[in-house]
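Topology and contacts: notes
The residues making up each chain are set out below.
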Amino acid sequence: MKNNLLNISGVSVLSKKEQKNVSGGLGLDLSKCGCDCAARVTGPKYCSSYIACPAVYTCNDEI
(Lines give C-alpha, C1' and ligand atoms only; values in the text may rest on other atoms or scores of the structure.)
Protein backbone atom coordinates (compact mmCIF):
# COMPACT_ATOMS: atom_id res chain seq x y z
CA MET A 1 0.00 0.00 0.00
CA LYS A 2 2.76 2.43 0.96
CA ASN A 3 4.56 1.79 -2.32
CA ASN A 4 1.38 2.54 -4.29
CA LEU A 5 1.00 5.92 -2.55
CA LEU A 6 4.58 6.86 -3.31
CA ASN A 7 3.89 6.36 -7.02
CA ILE A 8 1.51 9.35 -6.97
CA SER A 9 3.26 12.55 -8.05
CA GLY A 10 3.80 15.01 -5.20
CA VAL A 11 3.54 12.38 -2.45
CA SER A 12 6.38 11.94 0.01
CA VAL A 13 6.93 10.23 3.35
CA LEU A 14 6.94 12.60 6.34
CA SER A 15 9.18 12.05 9.33
CA LYS A 16 7.59 12.06 12.81
CA LYS A 17 8.96 15.58 13.34
CA GLU A 18 7.38 16.78 10.08
CA GLN A 19 4.06 15.12 10.98
CA LYS A 20 3.90 17.13 14.22
CA ASN A 21 4.04 20.35 12.18
CA VAL A 22 1.09 19.44 9.95
CA SER A 23 -1.95 21.59 10.56
CA GLY A 24 -5.26 21.99 8.84
CA GLY A 25 -8.66 20.43 9.02
CA LEU A 26 -12.08 21.98 8.88
CA GLY A 27 -11.09 25.04 10.88
CA LEU A 28 -14.23 24.71 12.96
CA ASP A 29 -14.17 24.93 16.73
CA LEU A 30 -16.85 22.51 17.91
CA SER A 31 -16.08 23.42 21.52
CA LYS A 32 -18.14 26.59 20.87
CA CYS A 33 -21.24 24.46 20.19
CA GLY A 34 -23.73 23.43 22.84
CA CYS A 35 -27.38 23.10 23.80
CA ASP A 36 -29.62 25.54 25.63
CA CYS A 37 -32.37 24.67 28.13
CA ALA A 38 -34.94 24.38 25.32
CA ALA A 39 -32.79 21.74 23.54
CA ARG A 40 -31.73 24.13 20.78
CA VAL A 41 -28.20 24.07 19.35
CA THR A 42 -26.20 27.11 20.42
CA GLY A 43 -23.01 28.60 19.06
CA PRO A 44 -21.88 29.56 15.56
CA LYS A 45 -24.17 28.77 12.62
CA TYR A 46 -22.17 25.69 11.58
CA CYS A 47 -22.90 23.95 14.93
CA SER A 48 -26.32 22.70 13.85
CA SER A 49 -24.62 20.81 11.00
CA TYR A 50 -22.33 18.94 13.40
CA ILE A 51 -24.23 18.41 16.66
CA ALA A 52 -27.78 17.73 17.75
CA CYS A 53 -29.37 18.26 21.14
CA PRO A 54 -31.46 15.58 22.85
CA ALA A 55 -35.23 16.00 22.48
CA VAL A 56 -35.60 16.09 26.27
CA TYR A 57 -33.07 18.42 27.80
CA THR A 58 -33.33 20.34 31.03
CA CYS A 59 -31.05 22.80 32.75
CA ASN A 60 -32.73 22.32 36.12
CA ASP A 61 -30.64 19.65 37.82
CA GLU A 62 -32.72 19.64 41.01
CA ILE A 63 -34.16 16.26 41.99
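Here we summarise the structure given alongside this text. (Residues numbered from 1 in each chain as written. Predicted model: local features only at pLDDT ≥ 70, side-chain atom pairs only at ≥ 80, totals over all residues. Heavy atoms only, no water.)

**With respect to the overall build of the chain**
Looking only at helices and strands, the chain features 3 helices and 2 strands. Along its sequence from the N terminus, the chain presents helices and strands in the succession α-α-β-β-α. Every one of the 63 residues in the chain was classed for burial, and the buried ones make up 8%. For the chain, restricting intrachain contacts to residue pairs at least 6 apart in sequence, the fraction spanning at least 24 positions comes to 2%. Summing over all exposed atoms, the chain offers an accessible surface of approximately 5700 Å²; the carbon and sulfur share of this is 53%. (Helix = DSSP H or I, 4+ residues; strand = E, 2+ residues; numbered from the N terminus. Buried < 20%, exposed > 50% of the residue type's maximum accessible area, 1.4 Å probe, protein only. Contact = heavy atoms within 4.5 Å. Areas by Shrake-Rupley, 256 points an atom, 1.4 Å probe, with all protein chains shown as cover.)

**What about the state of the cysteines?**
Scanning all chains against the criterion turns up 2 disulfides. Between the sulfur of cysteine 33 and that of cysteine 47 lies a disulfide, 1.9 Å long from S to S. Note on the cysteine 33 and cysteine 47 pair: the S-S dihedral is about -75°, so by sign convention the disulfide is left-handed. Taken together, the residues cysteine 33 in the loop between helix H2 (16-20) and strand E1 (34-35) and cysteine 47 in helix H3 (residues 47-50) connect sequence positions 14 residues apart. This pair shows no difference in class: cysteine 33 is buried, exactly as cysteine 47 is. Disulfide pairing places cysteine 35 opposite cysteine 53 at an S-S distance of 2.0 Å. When the S-S torsion is -100°, as for the bridge of cysteine 35 with cysteine 53, the disulfide is left-handed. Of this pair, cysteine 35 sits in strand E1 while cysteine 53 is found in the segment after H3, placing the two residues 18 residues apart along the sequence. Classification of cysteine 35 by relative accessible area gives partly exposed; the value is 24%. (Disulfide = S-S within 2.5 Å.)

Keep in mind that these numbers describe shape and distance, not what the molecule does.
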